Amino acid sequence: MLKHWQKLLNTDCVVVRIGEHYIYPIFRNGSTSLFKVAEETFTNKQISTCKDIIILLRDPEARFISGVSEYCRQNNLDVEETWQLIHDDKLVDRHFAPQWIWLLHLYKYYKGKIILKPFSAIKKYCKVHRHKTKRGSSIALLKNFVEKDFKLMENINQQMEIKNVLPST
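Residues numbered from 1 in each chain as written. Predicted model: local features only at pLDDT ≥ 70, side-chain atom pairs only at ≥ 80, totals over all residues. Heavy atoms only, no water.

S.K.: How do you make sense of the pattern of salt bridges when you look at a structure like this?
M.R.: Here the idea is simple: oppositely charged side chains can pair when their charged atoms come close. Counted under the stated rule, the structure contains four salt bridges. Across the salt bridge formed by Glu 39 and Arg 17, the nearest N and O atoms sit 3.1 Å from each other. Of this pair, Glu 39 sits in the loop between helix 2 (31-37) and strand 3 (40-43) while Arg 17 sits in strand 1 (residues 14-18), placing them 22 residues apart in sequence. Across the salt bridge formed by Glu 154 and Lys 151, the nearest N and O atoms sit 3.6 Å from each other. The network of salt bridges with common partners includes Arg 17, Glu 39 and Glu 40. (Salt bridge = Lys/Arg side-chain N within 4 Å of Asp/Glu carboxyl O. Helix = DSSP H or I, 4+ residues; strand = E, 2+ residues; numbered from the N terminus.)

So, in structure tokens, the structure goes:
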């Protein structure tokens, strides 16, 4: 599965500072709002200077549906046709990439402690968070996209070394 995600893994990795908190924005997990209120950003090798990076995890099913919907909206595509391309491993995108892939991306530049928090914690860092995508409730879930993310969710509200939370690939 990793070979499909090389495009994401080869992009810049960015962490934001909001107050005294370092947060790793993940697409469809409030990233637009987090970038908007960021006081400072750290990219790639600069990230190693951050400590205790917070990662907001969203319910994997809701995120997958939202991500596919947003990708279709941005590209003016049919949801069912797009879903089939995703199912057939012919389409990957940051909007619906599994959250564990995002953590693997962060791990390229950061080997320290992370704090996994539920998506609802975004209210602590952003006064206003807009929910952009409304359509998509008819999108079927693809198990291979979410199974490792559901395991990640078991670590909510825990602080740990990033290497200890990454699933085996």
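Picking up where we left off.
S.K.: Honestly, unusual backbone geometry in this entry has me stumped. Any pointers?
M.R.: A negative phi holds for most residues other than glycine; trans holds for most peptide bonds. Its identity as a non-glycine residue notwithstanding, Asn 44 has a phi of 50°, on the positive side. Within the secondary structure layout, Asn 44 lies in the loop between strand 3 and strand 4 (53-57).

S.K.: How should I be thinking about the pairing of strand 4 in this particular structure?
M.R.: Put simply, side chains in a regular strand alternate between the two faces of the sheet. Within strand 4, five of the five residues are buried, leaving the element largely enclosed by the surrounding structure. Burial of strand 4 is two-sided: the residues Ile 53, Ile 55 and Leu 57 facing one way and the residues Ile 54 and Leu 56 facing the other way are all buried. Bridge analysis of strand 4 against strand 5 (residues 113-118) gives five bridges, and the strand direction is parallel. Among the inter-strand pairings, Ile 55 is bridged to a residue of strand 5, identified as Leu 116. (Buried < 20%, exposed > 50% of the residue type's maximum accessible area, 1.4 Å probe, protein only. Pairing = 2+ DSSP bridges.)

All we've got here are geometric facts, nothing functional implied.
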